[in-house]
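Observations on the three-dimensional arrangement
Okay, here's what each chain looks like letter by letter:
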Amino acid sequence: MVTAIFPAAGASRRMGAGTNKIFLELGGESVLVRTLKTFSQSARINFLIVVTNEVETVTEILNATPNLKPFAVTAGGSERQYSIANGLKLVPAESEIVLVHDAARPLINLETIENVIDAAEKFGGAIAAVPEKNTIKIIDAEGFVKSTPPRAELVAVQTPQGFKKEILMRAYEQAALDNFLGTDDASLVERIGGKIKIVQSSYKNIKITTPEDIQIAETFLKEKNL
């Protein structure tokens, strides 16, 4: 059994729309609904958990959306990590794999979702990513360049990120004990020695953060494959 958790409790300040970005319309559907519909199309996904600060509104929207997999909605926390920790409390006991996917990445495709599941089953942990196209500089506290890592060794990390349930649960438990706040779920698993496999994703799997992202996503939607 595979459960997918969708953090959706952000303040969306950079969007400047006066509402959570997951409610914005993209191609005739809200960002949230478009994301969850894609995951619901996978025969391998069994349960969806949305973590949000607008539980009643999201529940009403999802109840009115046909063809979704069984779902639960729960309250978010002050940080993304705390929101996902809340979501983990609702993961069914029979789940073997847990995916975490930004609710604001509505252009995810089924192939990437299922490839992440495959890799998580095989290696224990997997994350969607794309090769980094920019030159990255490591800088010091005063803003001077310290070094330039080889671009061939760099990837831009996306979601979904998938893990065997017991590994992700243990990583979150250890982070709570250590009062550690990571940048993503994989960083928590890395801390406990977990192995993370990179799964090739698409540059179209963007996160909706600013008004420009909506325009970019609309352009992608007009292309044949989306």
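Coordinates for the structure precede this section.
Quick caveat, the model's predicted, so the values are computed rather than measured.

**Overview of the sheet that holds strand β4 (residues 47-52)**
Strands sit in the order β5-β4-β1-β6-β10-β7-β11 across an open sheet of seven strands; the sheet is mixed. The open sheet is flanked by β5 (71-75) and β11 (197-200), the only strands paired with a single partner. Strand after strand, the sheet turns through a mean of 25 degrees between neighbouring axes, direction not considered. In the sheet, strand β1 (residues 2-7) pairs with β4 via five bridges, with the strands oriented parallel. Paired with T3 across the strands is F47, a residue of β4. Contacts between helix α1 (residues 31-40) and the sheet are confined to β1, β4, β6 (97-100) and β10 (155-164), with β4 contributing the most and set at about 160 degrees to the helix. Sheet contacts for helix α4 (residues 110-123): β1, β6, β7 (125-131), β10 and β11; angle to β10, the most-contacted strand, approximately 60 degrees.

**Things to note about the packing of helix α3 (residues 80-88) against helix α5 (residues 165-178)**
Running from amino to carboxyl end, α3 crosses α5 at an angle of 130 degrees, the nearest separation of the two axes being 11 Å. It follows from the interaxial angle that α3 and α5 lie oblique. The hand of the α3/α5 crossing is left-handed. Residues Q81, I84, A85 and L88 of α3 form the contact with α5, whose own contacting residues are L168, M169, Y172 and A175.

**Focus: the pairing of β5**
Inspection of the sheet shows β4 paired to β5 by five bridges, in the parallel sense. Within β5, the position partnered with I49 by the bridge is A72. Crossover β4 to β5 through helix α2 (residues 55-63) is right-handed.

**A look at a nonpolar patch on the surface**
A grouping of V155, V157 and I198 is seen on the molecular surface, where their side chains present a nonpolar patch of about 210 Å² in accessible area. Position of I198 relative to the elements: it lies in strand β11.

**A closer look at the packing of aromatic side chains**
This structure, assessed with the given rule, holds one aromatic pair. Its guanidinium or amino end placed over the ring of Y203, K133 lies 4.2 Å from that ring's centre, counting from NZ or CZ. Sitting over the face of the ring of F180, R191 holds its NZ or CZ atom 4.2 Å from the ring centroid.

**A look at the pattern of salt bridges**
Between side chains of opposite charge, a pair can form when the charged atoms approach closely. A full pass over the atoms with the stated rule returns nine salt bridges. The partner of R80 in a salt bridge is D102, and the shortest N-O contact between them spans 3.1 Å. Placement of R80 in helix α3 and of D102 in the loop between β6 and α4 is noted, with a sequence separation of 22 residues between them. Its relative accessible area of 28% is what places R80 among the partly exposed residues. Classification of D102 by relative accessible area gives buried; the value is 6%. Across the salt bridge formed by D178 and R191, the nearest N and O atoms sit 2.9 Å from each other. Highlighted residues: D178 in helix α5 and R191 in helix α6 (residues 185-191), separated in sequence by 13 residues. Of the residues examined, D178 reaches a relative accessible area of 39% and is grouped as partly exposed. Taken together, the shared-partner salt bridges connect R80, D102, R105 and D185 into one network.

Definitions and cut-offs
Residues numbered from 1 in each chain as written. Predicted model: local features only at pLDDT ≥ 70, side-chain atom pairs only at ≥ 80, totals over all residues. Heavy atoms only, no water. Pairing = 2+ DSSP bridges. Helix = DSSP H or I, 4+ residues; strand = E, 2+ residues; numbered from the N terminus. Axes fitted to C-alpha atoms, helices over the stretch in contact; angles between N-to-C directions. Contact = heavy atoms within 4.5 Å. Parallel < 35°, antiparallel > 145°, perpendicular 65-115°, else oblique. Left-handed = near helix turned anticlockwise from the far one by under 90°. Right-handed = clockwise from strand over helix to strand, strands pointing away. Patch = residues over 30% accessible without salt bridge, like charges linked within 9 Å, V, L, I, M, F, W, Y side chains within 5 Å. Areas by Shrake-Rupley, 256 points an atom, 1.4 Å probe, with all protein chains shown as cover. Salt bridge = Lys/Arg side-chain N within 4 Å of Asp/Glu carboxyl O. Phe/Tyr/Trp six-rings, centres within 6.5 Å; stacked < 30°, edge-to-face > 60°. Lys NZ or Arg CZ within 6 Å of the ring centre and 35° of its normal. Buried < 20%, exposed > 50% of the residue type's maximum accessible area, 1.4 Å probe, protein only.

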